[in-house]
Amino acid sequence: MEGLNSLGVLELLRPNEACRALVFPLHSEVQISKHDVISLLEHEGHQGRMRLEEYVQLSGREVQKDIEKARHNNSISSSAQAVRDCFQKEMAATDNEDSNTEKQSGIMAASWRAFLKLCRKSVISLFLLVILGSLTLKNVDKRDGKRPVITKEGNHLQSLQLLRLTRDVLFVNLVLLSGDVLQNPGPSGGESGVEYTDFNIATELYEAIKLRGMKFIHQNIRSIRGKLDKLNILISQCPNLHILAFTETWLDNGIADGEISLPGYKIFRSDQPNGKGGGIAVYVKESLSISWRVDLEQQFPGECILLEILLPKANGILFGTFYRPPSQTDFMNPFRDVLKSASAENKELIVTGDFNCDFLVKSCSKETRELKEIFKNFGLTQLIEKATRTAKESSTLLDLFASNSPGNIILTNVVASSLSDHDMLIAVRKINACKPPPRTIECRNYAKYNSSAFCDDLRDIPWDVVLKERNVNTAWSNWKEMSMAHW
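About the criteria used
Residues numbered from 1 in each chain as written. Predicted model: local features only at pLDDT ≥ 70, side-chain atom pairs only at ≥ 80, totals over all residues. Heavy atoms only, no water. Phe/Tyr/Trp six-rings, centres within 6.5 Å; stacked < 30°, edge-to-face > 60°. Helix = DSSP H or I, 4+ residues; strand = E, 2+ residues; numbered from the N terminus. Buried < 20%, exposed > 50% of the residue type's maximum accessible area, 1.4 Å probe, protein only. Core = buried A, V, L, I, M, F, W, Y, C linked by side-chain atoms within 4.5 Å. Contact = heavy atoms within 4.5 Å. Pairing = 2+ DSSP bridges. Axes fitted to C-alpha atoms, helices over the stretch in contact; angles between N-to-C directions. Expected span 1.5 Å × (residues − 1). Arc of directions from axis to C-beta.

Novice: I keep staring at the packing of aromatic side chains and nothing clicks. Help me out?
Specialist: What characterises a pair of aromatic rings is the spacing of the ring centres plus the angle enclosed by the ring planes. Tallying each qualifying case throughout the model produces 18 aromatic pairs. Seen from their ring centres, W463 and W479 are 6.1 Å apart, and the 40 degrees between their planes marks the pair as tilted. Note that W463 is positioned in helix α13 (residues 463–467) and W479 in helix α14 (residues 472–486), a separation of 16 residues in sequence. Exposure remark for W463: the relative accessible area of 34% places this residue in the partly exposed category. Ring pairs connect the aromatic residues F300, F322, F331, F335, F355, F359 and F375, which therefore count as one cluster.

Spelled out as structure tokens, the structure:
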């Protein structure tokens, strides 16, 4: 403030809140010099002194006597000292007022929280007393082995209603006191703004369906009948899944295909006779040309479905789905024979299913070692590397996806699934989606159409025969025969 002129000092001394807020915080670092006050009184004269007095009257009445004394003595230095004293006292008063306000606010907030806590405890205590009273009314001591008679039936009814109301309100208060429950939580929107249903698409599956190619999934579903709603949601959100293979369907011959059908898919099944455990179902997109290779399946006594995907101007793809129960010991030799017959056709072979052989552990069982040896002998590469079933104390790789042409498979992944305790396998083979077979459409040729001749033919038709007929179907048949006779 040393460079501040008289006009600036005068504006700072004006009685308004903005100037006071500007001057007082600066007072601890910068003092108004004597020269400033002298310049003010010399240049502003009587008007400057009047504004100075007005400011002092509004800001600090306790120093007004000092100002008046300085004015009567015409002492410029005393007036300047009085102004500085005024600023100092205003600063001290403002600081004390702010600290007192903060203390009062903190005390009020703490008091309010304590009051609410006390109210809740009091309400809960009151509800507990009401419950005890209602139970006392309900369970009155028996006399002479007989229940006492309530003279007023309304009292008993009111006590029961009060008991129910108290129970509900007490439960709500206990929930709110837990601290992490909102009264109206509502859904929280995601970053992408996309809302999914109960069956959400995992990120891995969403990335796979965006790729171009033929898409396979395998899932050990453990009873398919109760999960058709989720499967319908899955195919509606992922419409370009071409082949869906499921093991452990738990179906029997008494369940028709229509009961487990999915729109847009053909179904191939292999059920257990009693429907307890096991079973395979493969859903294939209707646009794909498929041949069911029953001749290869006949060589395998266990559970399997072998399909051939027919491709235009190319060899087909053999796709086999297998299920090996954990207790089955005669699986490997028949499985070897099936692969031998399939490999003899010199076609691409894809094998998937639940083999109940853990491919994660190094010290594997005899069946796992034998299965790995079979894959190696027939040139099959097992492409799944993550665990497909995770429990509390173990993670196992039981669901497999193998191919003798791994270069054609551009993606394989394990997708977390809520369909069962097994995860879902997804694989994409690099090929464009197969086009449906061509359709033959018949249409009328209008190249030689003559409108006048057509109208003449319509006039020659005996319309009375058609119009007198009361049966619509018969009338249509008669008109069709007569019109076709002319054309």
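Novice: Sorry if this is basic, but what is going on with the nonpolar core here?
Specialist: Generally speaking, nonpolar side chains in soluble globular proteins are found buried as a group. One finds V282, I309, F319, F322, F335, L371 and F401 to be the most contacted residues of the largest nonpolar core, which totals 49 residues. Contacts of V282, omitting those with residues within four sequence positions, involve I243, L244, A245, K266, I267, F268, I305, L307, F319 and T321. If you look at the next biggest cluster of nonpolar residues, it comprises 27 residues, including L228, L251, I255 and Y283.

Novice: Can you walk me through the sheet that holds strand β14 (residues 424–429) in this structure?
Specialist: What links the strands of a sheet is backbone hydrogen bonding, and the strands pair in either a parallel or an antiparallel sense. If you trace the six strands from one edge of the open sheet to the other, you get β3-β4-β2-β1-β14-β13, paired in mixed fashion. Each edge of the open sheet carries a strand with a single partner, namely β3 (265–270) and β13 (409–415). Here the strands of the sheet are splayed against their neighbours by 15 degrees on average, with no regard to which way each runs. Summarising the sheet, β13 and β14 pair through six bridges and their orientation is antiparallel. Across the sheet, residue T412 finds its bridge partner in β14, namely A427.

Novice: Where do I start with the side chain of E248 in this structure?
Specialist: Here E248 shows up in the loop between β2 (243–247) and β3. Given the relative accessible area of 8%, E248 is considered buried. Leaving out residues up to four positions away in the same chain, E248 has contacts with N220, I221, R222, S223, G278, G279, Y323 and D354.

Novice: Before we go on, may I ask you to explain helix α11 (residues 366–377) in this structure?
Specialist: Think of an α-helix as 3.6 residues a turn; residues three or four steps apart then line up on the same face. With twelve residues, α11 should cover 16 Å at 1.5 Å per step; its first-to-last C-alpha distance of 17 Å lies within 8% of that length. Within α11, burial applies to T368, L371, I374 and F375. All buried residues of α11 project into a common sector of 120 degrees when viewed along the axis, lining one side. Those residues of α11 that are exposed and angled more than 90 degrees off the buried face are K366, K376 and N377. One or two residues past the end of α11 sits G379, with phi positive at roughly 70 degrees.

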